[in-house]
Protein chains: 2
Amino acid sequence: MLKTKFFRPDWTENAPAPGTFRSIFKYGDLHSFKHPSDNWYEMMKREFHLSDDDFLLKQEEGHASVILNRPPALTSLQIEHLKNLVGVQNVAIDDYSRVKFACGKTTEEMLELRQGIVREVADVVIHPRDKHDVLKIVAYCNDQKIPVTVYSAGSSVNFGCRPAKGGVSLVVSTYMNKLLEVNELNQTARVQPGMYGPAYEDALNHAPELFNTRRAYTCGHFPQSFEYSTVGGWVITLGSGQASTYYGDACDIVFSQEYVTPAGTFKTLDFPATATGPKINDIMKGSEGTFGILVEVTMKIFRYMPENRQRFSFMYPTWEAAVNASREIMQSEFGKPAIYRISDPEETDRGLKLYGMPGFVDKYLALRGFKPMQRCLSLGNVEGDRDYTKLVKRKLTRIAKQHGAISLGWYASKKWEKTRYTEPYMREDLGDYGILIDTLETGVTWDNLHRLHEGVRAYIKSRPDTMCMTHASHFYPQGTNLYFIFIASMTDPAEYRDFQKGIIDNIQKFGGSLSHHHGVGRMIGPWMETHLGKEQMAVLRALKQHFDPNNIMNPGGKLGLDDNPIQGL
Amino acid sequence: MLKTKFFRPDWTENAPAPGTFRSIFKYGDLHSFKHPSDNWYEMMKREFHLSDDDFLLKQEEGHASVILNRPPALTSLQIEHLKNLVGVQNVAIDDYSRVKFACGKTTEEMLELRQGIVREVADVVIHPRDKHDVLKIVAYCNDQKIPVTVYSAGSSVNFGCRPAKGGVSLVVSTYMNKLLEVNELNQTARVQPGMYGPAYEDALNHAPELFNTRRAYTCGHFPQSFEYSTVGGWVITLGSGQASTYYGDACDIVFSQEYVTPAGTFKTLDFPATATGPKINDIMKGSEGTFGILVEVTMKIFRYMPENRQRFSFMYPTWEAAVNASREIMQSEFGKPAIYRISDPEETDRGLKLYGMPGFVDKYLALRGFKPMQRCLSLGNVEGDRDYTKLVKRKLTRIAKQHGAISLGWYASKKWEKTRYTEPYMREDLGDYGILIDTLETGVTWDNLHRLHEGVRAYIKSRPDTMCMTHASHFYPQGTNLYFIFIASMTDPAEYRDFQKGIIDNIQKFGGSLSHHHGVGRMIGPWMETHLGKEQMAVLRALKQHFDPNNIMNPGGKLGLDDNPIQGL
């Protein structure tokens, strides 16, 4: 047995081969990797009672080529018709396309794809060239009762793009990914739904060159999946960016939307405010493709002023102190930070260890009374006008100190920014050795925060040898979110499913929302009726019935509108 | 003929007698009056080519007692049943009640009530004691297909409380007017829908005594109708307060809502954010009683810090300069003022004359290049944390000056605050002498503001001898509202109706929203389908069909859901 003091697992450094299952489930850029640090590796061995031996052999890696062996269920006449509508080159029926565009990024999908297990897929994959193509496809599919499931960036963590009923996978990110217009007077941007975050932000940052504007702009929306999510996805799943405390959640920065639905095509009103009855613009947000297809969206944009950014980080003696200070900051009305995060004691301590805190800092902190498994890290930044960012930083620093925090300066915040989008890359490395990392998240009012945190955490920790790191990262005067990250050595898919179900049950039991910003998809669907109550579910179903009487739009369990358990595991 | 240099019309100083038509249409406190100033009187004579002679005799004053002579169309069995449900003392079928609780504050209603003309009324007026009463009434009325129209404060300016189809007038302000709970951790207040603005604000200001809170709070919502509007009315009509630029519109400060509908009773989710599909909380806002009855609402509240208020006022050389500066202020990201208003040249000049600007100030302004019918007044205040209010005032002052404004200090703002709720009181005085004052308002993006302002104004001014004063008073990064006040000597109701229709047509033609914050009611209903498009109207109708399949909830033209022209004129 090969074992040295410096043993390091053979983390994969090779891009998955084209056509393989791994090329589908791998997160992000196929050629980019982020390996667990040596500290993290040591911690995992310790926590999970593993030795270097357990990291000698990889689990199933999914290197096999995708083979489906399932002829499309559509007739050749139907497929021909679709080809005529959008061009033969934009319709695919090959196995790889059908699997790739059926998959998101759930842990279950990764586990199964490693073993070459494929669940529901569409019969045909279509890449519409523009909204007129979408209109033609929806009209035809509605007529023929062919299901249509939308795929944009595929970063769904709740089976949002798995075509439960076959039919068409409609890939809106292939062509419909342009920034169409920047309206500088109104500070709005009209954009196609399939535009990826970085391309959108880059175009706004370069608006003076590209759109002849006087200023550069920012989109204000930076979810962790920023690099592998699209503007349309943000809107239809009710996402939140890491700077949402200042810029607002996705729902707040949508100005108007254009949809193609079986019940017609429409663009919602373009007004900063209107009192003309319930707002269709609001009704469509979060519909997750079940009412129709978002084909264009006008977003609010913001002045791009990175030079004014003020970073901060603090260590609080306790979680209670961090929460109390955060509430005071959010309710004090001196303005809001953009990024604002607090980590609970377990996340704080693991983070400090993993990202390498010098030993003397640890000793200093302990001496000052900031004890391991009690102390809590907070970090963030302030954006906006220069005088505003200085004021907000000064004011929130004062409140932090009043609650016993010490300032750690800008360093931790800057360091966090460097890895803000890359954490998910570690998933494949861990999975190669049978270790799972996954997350569930919830929204909560201040008065229920501790009960919910403790309740869900207790459930997760009741499983032996399971890490549970929690942070709050989206703040409002009325409350915040809780984001639970759990890591475990777990190889039995059925066990994982039960564990996940238990966490969602406990989020529900302890009064959290079923999701703060991941959306519902098919995974959370079964909890929806209990969560909303049957009267409110009936409202969603009435809307569904109106927009899509033939149930062709993302059918099969999405939003809990109908009953369709997820296959597998 | 009596005529002296000091002639002043005999403005009414007597409260209308109980039981009279005048006691119904008079705005606000029956014992409060606000008469046109002598300057205003002189101006009206000049503008409308009137003389003192024209102010010798009053028009119809509506002093007659209300007599209806229309037996209720409900059966005595039905009325008995309703009395059994809510208590005999809470059901009224007398003429006065039936007329009073059918009326809002439109100009048309005033004109007709002066002549003793009564249009649609309910058969019976019910004052529910609590939400359980509401539930019983809705269940029974749904079973019996008896229409139910909600009346809260009766300040509707679009026939929102006129019972188009008879049935029940449900008066929610008689008993259901309490602040039930202040949740200080969450900064929310749970309140009954019929609570009037001043009572609500007063209770929040005194929360430490009343609810044992550490701090005092404010509701942040102060429409001009504050004294005669209720919290529920704000929410279901999508109102805006005068400080909305900072606190948000009514829709922004609703946390959750509880409704009784024919399709069931429910309370929307209590989370600061949630990604669980389209939000029922949003869907219900602005439903104007057509889906069901709001029986409880949880509002966001804010710290009450009047000591930090910073007032400002400016004179801009032109309307363009005022608009450009305002846009810059709203997009600069240093925070927002609370009250923020700009008046167009006509409003500015009439305002200066009416409220008495010393002659030397006028000369000084003219000398400095601030010329009559070009210059524009801006005023407002900043609320929030002390350092924040100072910062925002400093920054917006700098921008104002960059756009050529001179500061007029805090005086104009303070003076405006004194009359902020009392302007509507003048309506009766003017009406006594055949002069109409009315308003229509709209929301608009920056890039369409001038076109809309000029287009609508040109239409109003195309009528000879008609004043048109316009301001913008609710600001967003993407645009603002325009509030048109028109005053004319007009006694022919048919002419008034045509004129009003023409203004709405022109708001539509020049691309404004049909309403920024007055709501739709029955008056704007006929324009809705064109405004939203048939696909979006169909969404509202599908929701209506779901909640209220028997069409008993505020039926008859509300929101344009069905077709029911307003009787009369």
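Reading the values: rules and limits
Residues numbered from 1 in each chain as written. Chains lettered and ligands numbered in written order. Predicted model: local features only at pLDDT ≥ 70, side-chain atom pairs only at ≥ 80, totals over all residues. Contact = placed C-beta atoms within 7 Å. Helix = DSSP H or I, 4+ residues; strand = E, 2+ residues; numbered from the N terminus. Buried ≥ 20, exposed ≤ 12 C-beta atoms within 10 Å, placed from the backbone. Domains from an automatic or database assignment. Nonpolar A, V, L, I, M, F, W, Y, C, P; charged D, E, K, R; others polar. Least-squares fit on C-alpha atoms with pLDDT ≥ 70 in both. Pairing = 2+ DSSP bridges.

### Some thoughts on the interface of chain A and chain B
Reasoning step 1: Taken together, the contact pairs 77 residues of chain A with 77 residues of chain B.
Reasoning step 2: Secondary-structure elements contributing two or more residues to the side of chain A that touches chain B are strand 9 (264–267), helix 11 (280–284), strand 11 (302–303), helix 15 (386–402), strand 16 (435–445), strand 19 (479–489), helix 20 (525–532) and helix 21 (534–547) of chain A.
Reasoning step 3: When residues of the side of chain A that touches chain B are assigned to their parent elements, the largest contribution, eight residues, is made by helix 21 of chain A.

### Overview of unusual backbone geometry
Residue and element names in this part refer to chain B.
Reasoning step 1: Of note in the backbone geometry, Glu333 takes a positive phi value of approximately 65° without being a glycine.
Reasoning step 2: Along the chain, Glu333 falls in the loop between helix 12 (319–331) and strand 13 (339–343).
Reasoning step 3: Accessibility expressed as a C-beta count within 10 Å gives 20 for Glu333, which makes it buried.
Reasoning step 4: Residue Asn551 is not a glycine yet carries a positive backbone phi of 50°.
Reasoning step 5: Its place among the elements puts Asn551 in the segment after helix 21 (534–547).

### Regarding the domain arrangement of chain A
Interface size is commonly expressed as the accessible surface area that is lost when the partners come together.
Residue and element names in this part refer to chain A.
Reasoning step 1: In terms of domains, chain A is made up of domain 1 (76–174), domain 2 (179–303) and domain 3 (306–420).
Reasoning step 2: On a C-alpha basis, the centroid separation for the pair domain 1 and domain 2 is 23 Å.
Reasoning step 3: Counting residues at the interface gives 14 residues for domain 1 and 18 residues for domain 2.
Reasoning step 4: It is helix 6 (residues 131–144) that contributes the most residues to the side of domain 1 that touches domain 2, five residues altogether.
Reasoning step 5: Split into classes, the residues belonging to the side of domain 1 that touches domain 2 amount to seven nonpolar, six polar and one charged.

### Structural notes on the relation of the copies chain A and chain B
Reasoning step 1: Take chain A, turn it by 180°, move it 0.0 Å along the axis, and it overlays chain B with an RMSD of 0.0 Å. Such a combination of turn and shift is consistent with a two-fold rotation axis.
Reasoning step 2: A shared binding surface is used by both copies, with 100% of the interface residues of chain A retained as interface residues in chain B.

### Quick look at the environment of Lys401 of chain A
Reasoning step 1: Summarising the element assignment, Lys401 of chain A is placed in helix 15.
Reasoning step 2: The spatial distance from the C-alpha of Lys401 of chain A to the C-alpha of His453 of chain A is 24 Å, given a sequence separation of 52 residues.

### Here's the deal with the pairing of strand 19 (residues 479–489) of chain B
Residue and element names in this part refer to chain B.
Reasoning step 1: Counting buried residues along strand 19, nine of its eleven residues qualify, which places the element largely inside the surrounding structure.
Reasoning step 2: Strand direction decides the pairing type here: strand 16 (residues 435–445) and strand 19, joined by eleven bridges, are antiparallel. The residue of strand 19 that forms the bridge with Asp438 is Phe486.
Reasoning step 3: As paired strands, strand 17 (residues 466–472) and strand 19 are joined by six bridges and run antiparallel to one another. Looking at the pairing, Met469 lines up with Ile485 of strand 19.
Reasoning step 4: Bridge analysis of strand 18 (residues 475–476) against strand 19 gives two bridges, and the strand direction is antiparallel.

### A word on the sheet that holds strand 2 (residues 124–126) of chain A
All names here are of chain A.
Reasoning step 1: Reading across the sheet, the four strands line up as 1-2-4-3 and stay open at both edges, with mixed pairing between neighbours. A strand with exactly one partner marks an edge of an open sheet, and here the two such strands are strand 1 (91–92) and strand 3 (148–151).
Reasoning step 2: By the bridge criterion, three bridges tie strand 2 to strand 4 (residues 168–171) in an arrangement that is parallel. Bridge assignment links Ile126 to a residue of strand 4, and that residue is Leu170.

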